[in-house]
Amino acid sequence: MLNNVVLVGRITNDIEKIENEEKTSYRLMLKISRSFKNENGEYETDIVPIELMSYIGSNVLQYCEKGDIIGAKGRIQSNENGISVIAERITFLSNNKKLVNQN
């Protein structure tokens, strides 16, 4: 059996930190454009919930924000709220932060 997913999209929300007795995790929503047009000639998008474990999530929280493009590699997991992706690796592809020239 294989449960592996790779997604590339834009973060649509502020990254949310979730703490409970067992673990700390992070959640974000990833907006992903489909690679084909619908019957109206428009590209549709999907919004997928991504869950990040503490060691990955703290880096994403530090370096990414709403609007940034990331790649997420992980697995699909179902729970009482539906289906989400548990990210095992995140790749930073672009960000909206402007670099400051410090001379």
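Look above for the structure.
Conventions we followed
- Every chain begins its residue count from 1, and numbering advances along the sequence as written.
- The predicted origin of the model limits local features to residues at a pLDDT of at least 70 and limits the giving and counting of side-chain atom pairs to 80 or more, whereas totals for whole chains, interfaces and linings rest on all residues.
- Working from all heavy atoms in the structure, the side-chain values ignore hydrogens and water.
- Elements are defined by DSSP. Helices are runs of H or I of four residues or more, strands are runs of E of two residues or more, and each kind is numbered from the N terminus.
- Categorising residues by exposure relies on relative accessible area from a 1.4 Å probe, with only protein chains included: less than 20% of the type maximum marks a residue as buried, more than 50% marks it as exposed, and the intermediate range marks it as partly exposed.
- Any Lys or Arg side-chain nitrogen found within 4 Å of a carboxyl oxygen on Asp or Glu counts as a salt bridge.

Quick look at the environment of V6 now. Of note, V6 is situated in strand β1 (residues 5-11). V6 gets classed as exposed once you look at its relative accessible area, which sits at 61%. Note: C-alpha distance between V6 and A72 (66 residues apart in sequence) is 5.7 Å.

Counted under the stated rule, the structure contains 4 salt bridges. A salt bridge links E16 to R27; its shortest N-O distance comes to 3.8 Å. Separated by 11 residues along the polypeptide, E16 in strand β2 (residues 16-19) and R27 in strand β3 (residues 24-37) bring together distant segments of the chain. Using a relative accessible area of 36% as the deciding quantity, one classes E16 as partly exposed. The partner of D46 in a salt bridge is R34, with the nearest N and O atoms 2.8 Å apart. One end of the pair, D46, is in strand β4 (residues 43-53); the other, R34, is in strand β3, and 12 residues separate them in sequence. The network of salt bridges with common partners includes R34, E44 and D46.

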